[in-house]
Structure formats: C-alpha cells, structure tokens
Amino acid sequence: MLDTTRSNRRMAMRTALLALCLAASGAARPAGFDLQALMKQLAQTRSGQAEFVEDRRVQQLDHTLHSSGRLSFSAPDTFVREQLKPRHERMAVVGNQLTLSRGGRTQTTLLDSVPEAVVIVEAIRGTLTGNRATLERYFDTGVQGSPEQWQLDLVPREPRLRQQVAYLRLSGRQGQVREVRMTLADGDVSVMRIEPVSANAPAKP
C-alpha cells in the first residue's frame, strides 16, 4: 500500500512538472510566433551596420581569444565581416562569391566550396535578411520567445556540415540580431555580441 502511495505521488509530481513546462513553453512562445513570423519581422530591415565583439574558447588553449570589428549586410545576399582587432581580416560575400582579405592578400572563391564558411555565412546572412528558404535549405530550425525577444537554433542538415559546426544559436530583439553563439563539432565555442549602429553614425577609428 505504501509503495503504491509513493508511486502515485511521484506520478502526480511528474504530471505537475510536465504541466509547468508546457505552460512555460506556451508563455515563452506566443501563438503564431514561428520561423515564418520571425523571418517576416527580420526581412523588414533591408540593410544594416553593426559592431561586434567575439570571444572564442578553444579546447587546446587555456585562454579565451578576443576579436572585434564591424558587420554590414544588404538584402538579398550581401554580407561583410571586417575584423579590426587583433589583426585586420575581411570576409565579403555577394551571392555565392566569397572574398577573403588577410595580411595584404586577397582570395576569391565560391562560397559553397568552403563548407565551414557556408554554415557561418548562411546562418548569419540568412537570419539578417530574413531569408527563410536559405535557412531551411541548410538547417533544421527551432524558434523560441516572442517578437520582442527571440531565439533561433540552427542545426546543419548535412553530415559534412555537422562535421564542422554542431549548432548555432542566434538571439535578438525585434528585427535585430544581437548575439550569435556557435558550437563547433570539436567542442570549441564562439560567442559574437552584436551592437547595431545607425547608418548616420560616424565611423570609429
């Protein structure tokens, strides 16, 4: 009799916890707020500029790597990441053309010929421009939150891409991406915090 009572109590506790989880999930994501709604919200911004600060934790190192620079994008398919510190590097993508500049050297290639770049570029570019078709081509997606504060999880669909990147988590407020967290397949993690700037704001030296 005692064991039956304990079993019933445990079952009641599990049911209550499940109900709380479901209630919390429903509260975190209003009805109708899904990938389509998020993409529609993001697509309203056709171009933008931002400053970024990125911290990267590498398994083989006992310290965090820091970098900072600028981002810019223009719908439908232009994205530029310019690192200013600790050294100057520039990555520009227009359509399927990828141009890398580093140490005075510039190299141009096709984006889809560099799997690790495809994952990063299409995740950020696709989100910034609200391109649902691109995201669903490369990733399994999951959306949480509300139009005011949201989170988008992206897991590469193709095994060869998952060999590079385990998943990405982008978060933001309204039509702005504010953070990109990337976990690589080898366990390395990078977190890029993004601060949008006005198009009329003076450039920092």
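Source: prediction; values computed, not measured. (Residues numbered from 1 in each chain as written. Predicted model: local features only at pLDDT ≥ 70, side-chain atom pairs only at ≥ 80, totals over all residues. Heavy atoms only, no water.)

Enquirer: Give a description of the overall build of the protein that names residues and reports values.
Expert: Helix and strand counts for the protein stand at five helices and 11 strands. The 205 residues of the protein split such that 35% are buried. A separation of at least 24 residues holds for 39% of the contacts in the protein among residues at least 6 apart in sequence. Here the protein displays about 12,500 Å² of accessible surface, and carbon together with sulfur accounts for 51% of that area. (Helix = DSSP H or I, 4+ residues; strand = E, 2+ residues; numbered from the N terminus. Buried < 20%, exposed > 50% of the residue type's maximum accessible area, 1.4 Å probe, protein only. Contact = heavy atoms within 4.5 Å. Areas by Shrake-Rupley, 256 points an atom, 1.4 Å probe, with all protein chains shown as cover.)

Enquirer: Before we move on, could you go through the pattern of salt bridges and cite the residues and values that matter?
Expert: Summed over all chains, the structure comprises 12 salt bridges. Measuring nitrogen to oxygen at the nearest pair gives 2.9 Å for the salt bridge that ties R87 to E89. Relative accessible area serves as the criterion here: at 14%, E89 is assigned to the buried category. Residues E136 and R132 are paired through a salt bridge, measuring 3.3 Å at the closest nitrogen-oxygen approach. (Salt bridge = Lys/Arg side-chain N within 4 Å of Asp/Glu carboxyl O.)

Enquirer: Give a detailed account of the sheet that holds strand β2 (residues 64-74), specifying residues and quantitative values.
Expert: Strand order across the open sheet formed by 11 strands is β6-β5-β4-β3-β2-β1-β11-β10-β9-β8-β7, with antiparallel pairing between neighbours. Since the sheet does not close on itself, it has two edges, and those belong to β6 (105-110) and β7 (139-145), each with one partner. For this sheet, the mean inter-axis angle between neighbouring strands, taken without regard to orientation, is 15°. Here β2 runs beside strand β3 (residues 78-85); their pairing, made up of seven bridges, is antiparallel. Bridge pairing links L71 to R81 in β3. Sheet strands touched by helix α3 (residues 115-128): β2, β3, β4 (89-94), β5 (97-102), β7, β8 (150-156), β9 (165-173) and β10 (176-184). Its angle to β9, the strand with the most contacts, is close to 20°. (Pairing = 2+ DSSP bridges. Axes fitted to C-alpha atoms, helices over the stretch in contact; angles between N-to-C directions.)

Enquirer: I'd love a proper account of the side chain of R81, names of residues and values included.
Expert: With respect to the secondary-structure elements, R81 resides in strand β3. A polar side-chain atom of R81 sits 2.5 Å from a polar atom in the side chain of E54. When neighbours within four sequence positions are excluded, R81 is seen to be in contact with F52, E54, S67, R70, L71, E89, R90, M91 and M192. (Polar contact = N/O pair within 3.5 Å; in protein donor to acceptor, adjacent residues only side chain to side chain.)

Enquirer: Account for the environment of V58, with residues named and values stated.
Expert: By secondary structure assignment, the location of V58 is in the loop between β1 (47-57) and β2. In this structure the C-alpha to C-alpha distance between V58 and D186, which are 128 residues apart in sequence, comes to 9.1 Å. Discounting residues that sit within four places of it in the chain, V58 has contacts with L65 and D188.

Enquirer: I'd like a description of the nonpolar core, backed by residues and values.
Expert: Counting 38 residues, the largest nonpolar core has L152 and L168 as its most contacted members. Element by element, the count of residues in this core is highest for α3, at seven residues. Leave out the neighbours within four places in its chain, and L152 touches L35, L38, M39, T127, L135, T141, G142, V143, L168, R169 and L170. (Core = buried A, V, L, I, M, F, W, Y, C linked by side-chain atoms within 4.5 Å.)

Enquirer: Got a sec to walk through α3? Specific residues and values, please.
Expert: Taking 1.5 Å of rise per residue, the 14 residues of α3 would be expected to cover 20 Å, and the 20 Å separating its terminal C-alpha atoms lies within 8% of that figure. A large share of α3 lies buried, amounting to 11 of its 14 residues. Where α3 is concerned, the buried positions are A117, V118, V119, V121, E122, A123, I124, R125, G126, T127 and L128. After α3 finishes, the residue G130 shows a positive phi value of roughly 65°. (Expected span 1.5 Å × (residues − 1).)

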